[in-house]
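Architecture at a glance
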Amino acid sequence: LKRESGGSRSPSGSLKFFVCHLQSAALTAKRAMSLLAAAARGVARRPPAVPAMAIAKRGLGETTVGPPLGDLAGNWKLAVEFFTKSPISYKEFRQRCVSLRIFVFAGVCSGCTLSLFLDPPKSSYWVRMSPSYLVPMIRDAFFGSRPPIFLTGKVEHSTDVPDVVKQLVTTRRLAGAGSDSEDDEH
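**A closer look at unusual backbone geometry**
Backbone geometry places Arg172, a non-glycine residue, at a positive phi of 60°. Given the relative accessible area of 72%, Arg172 is considered exposed.

Shown next as structure tokens:
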């Protein structure tokens, strides 16, 4: 094909450009495929991962360095060292704090329990719900209950209240009662 404007372009030039571009794209694809193939081969040659090892381990510095929680003798030694020796590193200080925490917790709980046992609160709730009330509660469940604290019915008295009020208002004394005034003693 010839152009009218004087410039010429042959069909073989366009074809060469197209072929050259196609070869470049194929070469790039071949390189990409070779990287993909290499990655696939690397995965195929790797031994299968153990499920526990497949989880990534984070290095947070929280590894166990001291005695286990149940080793009271080892933890006691570190708790005593908290007060007697100065720590060299932060990890050593932290382990001493962890060991001391076991004994501080036990001491605070024991102290609170002993305090409640020796000096219980005076509230009626504590009297009814305290461990010392457990024995009477079981006894009442099997052998019947004691008489109630509060009245269950109206109480009848034999005193004539209007007459007593009349005597106190008029004479300031009850008839038949002894005298408590200081005038009668002198």
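**Concerning the state of the cysteines**
Throughout the structure, instances matching the rule amount to zero disulfides. Counting only cysteine sulfurs, Cys112 is the nearest neighbor of Cys109, a cysteine outside any disulfide, at a range of 6.8 Å. Of the residues examined, Cys112 reaches a relative accessible area of 47% and is grouped as partly exposed.

**Section: the packing of helix H3 (residues 72-84) against helix H4 (residues 90-118)**
The geometry of a pair of packed helices is captured by two quantities: the angle between their axes and the separation between those axes. Viewed as axis vectors pointing N to C, H3 and H4 meet at an angle of 115°, and their least axial separation amounts to 8 Å. In terms of their interaxial angle, H3 and H4 are classed as roughly perpendicular. For the crossing formed where H3 meets H4, the hand is left-handed. Here H3 contributes Leu72, Asn75, Trp76, Leu78, Ala79, Glu81, Phe82 and Phe83 to the contact with H4, which in turn contributes Phe93, Gln95, Arg96, Cys97, Ser99, Leu100, Ile102 and Phe103. Per-class residue counts for the contact of H3 with H4 are eleven nonpolar, three polar and two charged.

**Quick word on the packing of aromatic side chains**
For the coordinates displayed, the defined rule picks out three aromatic pairs. When the ring of Trp76 is compared with that of Phe103, the centres are 5.1 Å apart and the planes differ by 85°; the resulting orientation is edge-to-face. With Trp76 in helix H3 and Phe103 in helix H4, this residue pair connects regions lying 27 residues apart in the sequence. Aromatic pair Phe82 and Phe83: ring centres 5.1 Å apart, planes at 85°, arrangement edge-to-face. By relative accessible area, which is 28% here, Phe82 ends up partly exposed. Exposure remark for Phe83: the relative accessible area of 63% places this residue in the exposed category. Here the aromatic cluster, defined as three or more aromatic residues joined through ring pairs, consists of Phe82, Phe83 and Phe93.

**Side note on H4**
Taking 1.5 Å per residue, 29 residues should reach 42 Å; H4 reaches 41 Å between its end C-alpha atoms and fits that length. The complete set of buried residues in H4 reads Gln95, Arg96, Ser99 and Leu100. As for H4, its buried residues are in contact with H3.

**A few points about the pattern of salt bridges**
Applying the stated criterion across every chain yields a total of five salt bridges. Two residues, Lys85 and Glu81, come together in a salt bridge whose shortest N-O distance is 3.9 Å. The partly exposed category is assigned to Lys85, whose relative accessible area is 49%. Glu81 is the partner of Arg96 in a salt bridge, and the nearest nitrogen-oxygen pair spans 3.5 Å. Pair noted here: Arg96 is in helix H4 and Glu81 is in helix H3, with a separation of 15 residues, a long-range link. Note on accessibility: Arg96 and Glu81 belong to one class, buried.

**Digging into the environment of Pro87**
By the secondary structure assignment, Pro87 is in the loop between H3 and H4. If we ignore the near neighbours within four places in the chain, the residues touching Pro87 are Glu92, Phe93 and Arg96.

**Points about H3**
Helical geometry note: an α-helix holds 3.6 residues per turn, so side chains three or four residues apart project in the same direction. With 13 residues, H3 should cover 18 Å at 1.5 Å per step; its first-to-last C-alpha distance of 18 Å lies within 8% of that length. Among the residues making up H3, those that are buried are Gly74, Asn75, Leu78, Ala79 and Glu81. Axial view of H3: buried residues confined to an arc of 155°, hence all on one face. Opposite its buried face, H3 presents the exposed residues Ala73, Trp76, Lys77, Phe83 and Thr84, each directed more than 90 degrees away. In this structure, the buried residues of H3 make contact with H4.

Parameters and conventions
- Residues numbered from 1 in each chain as written.
- Predicted model: local features only at pLDDT ≥ 70, side-chain atom pairs only at ≥ 80, totals over all residues.
- Heavy atoms only, no water.
- Buried < 20%, exposed > 50% of the residue type's maximum accessible area, 1.4 Å probe, protein only.
- Disulfide = S-S within 2.5 Å.
- Axes fitted to C-alpha atoms, helices over the stretch in contact; angles between N-to-C directions.
- Helix = DSSP H or I, 4+ residues; strand = E, 2+ residues; numbered from the N terminus.
- Parallel < 35°, antiparallel > 145°, perpendicular 65-115°, else oblique.
- Left-handed = near helix turned anticlockwise from the far one by under 90°.
- Contact = heavy atoms within 4.5 Å.
- Nonpolar A, V, L, I, M, F, W, Y, C, P; charged D, E, K, R; others polar.
- Phe/Tyr/Trp six-rings, centres within 6.5 Å; stacked < 30°, edge-to-face > 60°.
- Expected span 1.5 Å × (residues − 1).
- Salt bridge = Lys/Arg side-chain N within 4 Å of Asp/Glu carboxyl O.
- Arc of directions from axis to C-beta.

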